[in-house]
Structure formats: structure tokens, C-alpha cells
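An overview of the molecular structure
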Amino acid sequence: MNISNTFGIPATADRYLEIREETELQALLAGGTLCNAPLLLLGGGSNMVFAHHFPGTILHLENKGIRLVEELCSGDDVFVEAAAGEVWDDFVQHCIAHEWHGLENLTAIPGTVGASPVQNVGAYGVEAKDVIHSVRTFEVATGRERIFMNEECRFAYRDSIFKGELKDRYIVWSVTFRLRRTFQPDVRYKALSDALAAAGMEHPTAQQLSEAIAKVRWSKLPRPEEKGSAGSFFKNPVVSESQYRKLLSEYPDMVAYPVAEGYKLAAGWLIEHAGWKGRSLGRCGVYERQALVLVNLGGCTGQEVVALADAVTADVERRFGVTLQKEAIII
């Protein structure tokens, strides 16, 4: 059994199924077997840490296909449907090549299309919710098809209805994105704008923007094929303005961004200034280039990952009075 996950941790389950065709999924749902035990929907395994045997069924979608939904396209709007099993970055590059714009900032994110609405993936100022039009699903209990429009998905920071209230109750089969024919680069993110300026790209093309984003990303994050990780392990915490002002008076160089609820703090900054950057417990470590990332130093277990994450969380809480939440999912 090869249960794929980018942390590179051996994983087991009572049952592991790969689904490629819609008829296969419908037959499986009609049999009702998925309702009798815990269910885990697996994409690329890029945000999961397997710490225990999974006592149920892991369903891995490998359906493929990208199509232009011509009946919805109008003016500058382009609607593109992608199967849940498509590799996310392959889909992004496909859209760039066809001049369907809006996904450039989401370049080089590991995982699959099906995970994008569940996790509301985001990077460099853009989130999946900004470009998702609708999500085609099948209900596990009944096998019925249901289309969730963007507003029904209840998107939030690294969150959605599929990760919360409806977790494992609906299987995402495909996602339709609302993109643009006109390229409008989004370079609000400082590290990105700095990289473009250094390269002399005042007016980058979509491909140049994508390449710049990939370069910035891999300068900070480990490539999954080189060092196991789950990408950004913790969410950037949001605090009230009063708590932010208090922290800022003590730490004038603290990194933070204003948001509707108050201020979003950089979890990586908090972890680094709590003294964890480059440190390890057992065979799991805090990445030396980006403290937001936990990495497999060779043969680490899920329990070691959890132990390190808990130690980091406790130290950040003790020093700053801020509670970190895991972005990675512990199984």
C-alpha cells in the first residue's frame, strides 16, 4: 500500500482505494460501503501528517481532465473546469499556456485541484476563493450530485465548509474556476514585488510572474522531492488590535498585516523569535530557511512531527501569548 504524502511518512489504513472514473465512484457510493467506517479523502497528501493507522477507508481521486466551459464564458470572463485529481501546478501552468489568467500567484503549490476548495489554498495575496466559481461534488451518504456555488462554500482563511461542517460528507469531483482573458498581475506581496524589481521586470508577463513566484517559493520552502514536509505547517494567527499594539511595543520589528478582524501575525516570525528556527526534536526539524515549515530529517514518524509542533506551539504561547493553529492535518 503506497499512501502518498509529501512528508514522506509511511502510512497505513484499513482500506485504500484509487478512483479514476466517475462510474467507479458512483458504483462505490451506490454500494454504501463508505458510510460504514471513517473516510479520508486524499489528494496529493501535501498537507497531511500520518501519525496513526487510519481505521477506515482512504479514497484517493485520480480523475483527470481540463475543459473550457464555453456556455459560461462571456466578455473577459473565462470559466474552466478541472478534475479533482489534476495536479494543481500542472493545472496552473495549463491555464497560463492557454492565456486564462488569475492563477499565476498560486504557482508551485503542491497538491491537487480537488484540495483547493477544501483548504482554500492561497499564496502571495491570492486565495482559491478569489477564482473558484463552483464545486461539483457527490454526497457520500446518498451518492447524489450537488453543485456548491462559491458563496455556499463558506470560504475563510485556509478553511471552507468542506473542511468544517461538511467534512468527509461530500466528495469533490471537479472545480470550475472563473478566470480572465486579460492578464492583470497581482504583485502586492512585498517579497514578490522585490523579486520582480531585482530582475528588472516592471511589467512581467503571466509566465514571468509565475516563474518569479516559483523562484521566491523554492528559495524559502523545501521541494517535496528533496526534503519531506507539509509546506506551511501553521496558520498565521489573527489577533485583536489591542493585542497587536501591546506586542508591537515589545517587539517593534514584529511582522504583521492588517485584516478585517485585527492583525494577522507572521507565524514564521513568531517561531523564529521563540528560538526554534533550525532546531529539531528527534528526526523532525524546523526548516532552517523558513520557520513556518517542519521537515523530515530522515525517517521521522508522525508522532515526532506532532511532538515538535506541540513544543513549538507551547513556546510561542509562553513567549507571546499567541496560540498557533496547525494548517497541516494530523491523521
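Scroll up to find the structure.
**Concerning the overall build of the protein**
Regarding its fold elements, the protein presents eight helices and 19 strands. Considered along the principal axes of its C-alpha atoms, the protein spans approximately 60 × 50 × 40 Å. Sorting the 331 residues of the protein into buried and exposed places 50% on the buried side. A fraction of 63% describes how many contacts in the protein between residues 6 or more apart in sequence connect residues 24 or more apart. Total accessible area computed for the protein in this model is approximately 15,100 Å², and 49% of it derives from carbon and sulfur atoms. Computing the positive centroid from 34 side-chain charges and the negative centroid from 42, the protein places the two 5 Å apart.

**Here's the deal with the pairing of strand β11 (residues 170–180)**
Of all 11 residues that make up β11, nine are buried, and the element is covered over most of its length. Two strands pair when backbone bridges link them, and strand β6 (residues 77–83) and β11 are joined in this way by seven bridges, in the antiparallel orientation. Residue pairing for β11: A82 is matched across the bridge by V175. Sheet analysis places strand β9 (residues 132–139) next to β11, joined by seven bridges and oriented antiparallel. Looking at the pairing, R136 lines up with S174 of β11.

**Details of the side chain of E127**
Residue position: E127 is located in strand β8 (residues 126–127). A polar atom in the side chain of E127 sits 3.4 Å from the side chain of R158. Among residues more than four places away in sequence, those in contact with E127 are L106, N120, V121, G122, Y157 and R158.

**Considering the pairing of strand β15 (residues 262–265)**
The side chains of a regular strand alternate, residue by residue, between the two faces of the sheet. Pairing of strand β13 (residues 238–239) with β15, which is carried by two bridges, proceeds in the antiparallel orientation. Looking at the pairing, V238 lines up with K264 of β15. Alignment of strand β14 (residues 256–259) against β15, held across four bridges, turns out to be antiparallel. Following the sheet pairing, P258 is matched in β15 by Y263. Here β14 folds back onto β15, and the loop between the two strands holds two residues.

**A closer look at the pattern of salt bridges**
With the rule as written, the count across this model stands at 20 salt bridges. With a closest N to O distance of 2.7 Å, R188 and D186 form a salt bridge. We classify D186 as buried; its relative accessible area is 18%. Beyond isolated ion pairs, a larger network of salt bridges with shared partners links E127, K129, D130, R158 and E327.

**Topic: helix α5 (residues 206–220)**
Over its 15 residues, α5 runs 22 Å from end to end, which matches the ideal 21 Å to within 8%, given 1.5 Å per residue. Among the residues of α5, A206, L209, S210, A212, I213, A214, V216, R217 and W218 are the ones counted as buried. Packing partners of the buried residues in α5 comprise α2 (88–97), β7 (122–123) and α4 (190–198).

**Points about helix α1 (residues 22–31)**
Among the residues of α1, L25, L28 and L29 are the ones counted as buried. Looking down the long axis of α1, one finds its buried residues gathered within 95° of arc, a one-sided arrangement. The exposed set on the far side of α1, more than 90 degrees from its buried face, consists of T23, A27, A30 and G31. Against the buried residues of α1 lie β1 (13–19), β4 (54–61), β9 and β11. The first or second residue beyond α1 is G32, which carries a positive phi of 75°.

**Some points on the environment of R15**
Topologically, R15 is positioned in strand β1. Of the residues examined, R15 reaches a relative accessible area of 29% and is grouped as partly exposed. Along the chain, R15 and V306 lie 291 residues apart, while their C-alpha atoms are 24 Å from each other. Non-local contacts of R15, meaning those with residues more than four positions away in its chain, are made with T33, L34, G56, T57 and I58. Separated by 3.2 Å, the side chains of R15 and T57 make a polar contact.

**With respect to the packing of α4 against α5**
The contact between α4 and α5 brings their axes to 10 Å, and the two run at 115°. Crossing of α4 against α5: the hand is right-handed. Residues A191, L192, A195 and L196 of α4 lie in contact with α5, whose contacting residues are L209, A212, I213, V216 and K220.

**As for the sheet that holds strand β2 (residues 39–42)**
Pairing is parallel across the open sheet formed by three strands, whose spatial order is β1-β4-β2. Each end of this open sheet is capped by a strand with a single partner; those strands are β1 and β2. The mean inter-strand angle of the sheet, taken between neighbouring strand axes irrespective of direction, is 20°. Of the pairings in the sheet, the one linking β2 to β4 comprises four bridges and is parallel in character. Within β4, the position partnered with L41 by the bridge is L59. Strands β1 and β4 of the sheet are contacted by α1, whose axis makes an angle of about 140° with β1.

What counts and what doesn't
Residues numbered from 1 in each chain as written. Predicted model: local features only at pLDDT ≥ 70, side-chain atom pairs only at ≥ 80, totals over all residues. Heavy atoms only, no water. Helix = DSSP H or I, 4+ residues; strand = E, 2+ residues; numbered from the N terminus. Buried < 20%, exposed > 50% of the residue type's maximum accessible area, 1.4 Å probe, protein only. Contact = heavy atoms within 4.5 Å. Areas by Shrake-Rupley, 256 points an atom, 1.4 Å probe, with all protein chains shown as cover. Lys, Arg positive; Asp, Glu negative; His and termini not counted. Charge placed at Lys NZ, Arg CZ, Asp CG, Glu CD. Pairing = 2+ DSSP bridges. Polar contact = N/O pair within 3.5 Å; in protein donor to acceptor, adjacent residues only side chain to side chain. Salt bridge = Lys/Arg side-chain N within 4 Å of Asp/Glu carboxyl O. Expected span 1.5 Å × (residues − 1). Arc of directions from axis to C-beta. Axes fitted to C-alpha atoms, helices over the stretch in contact; angles between N-to-C directions. Left-handed = near helix turned anticlockwise from the far one by under 90°.

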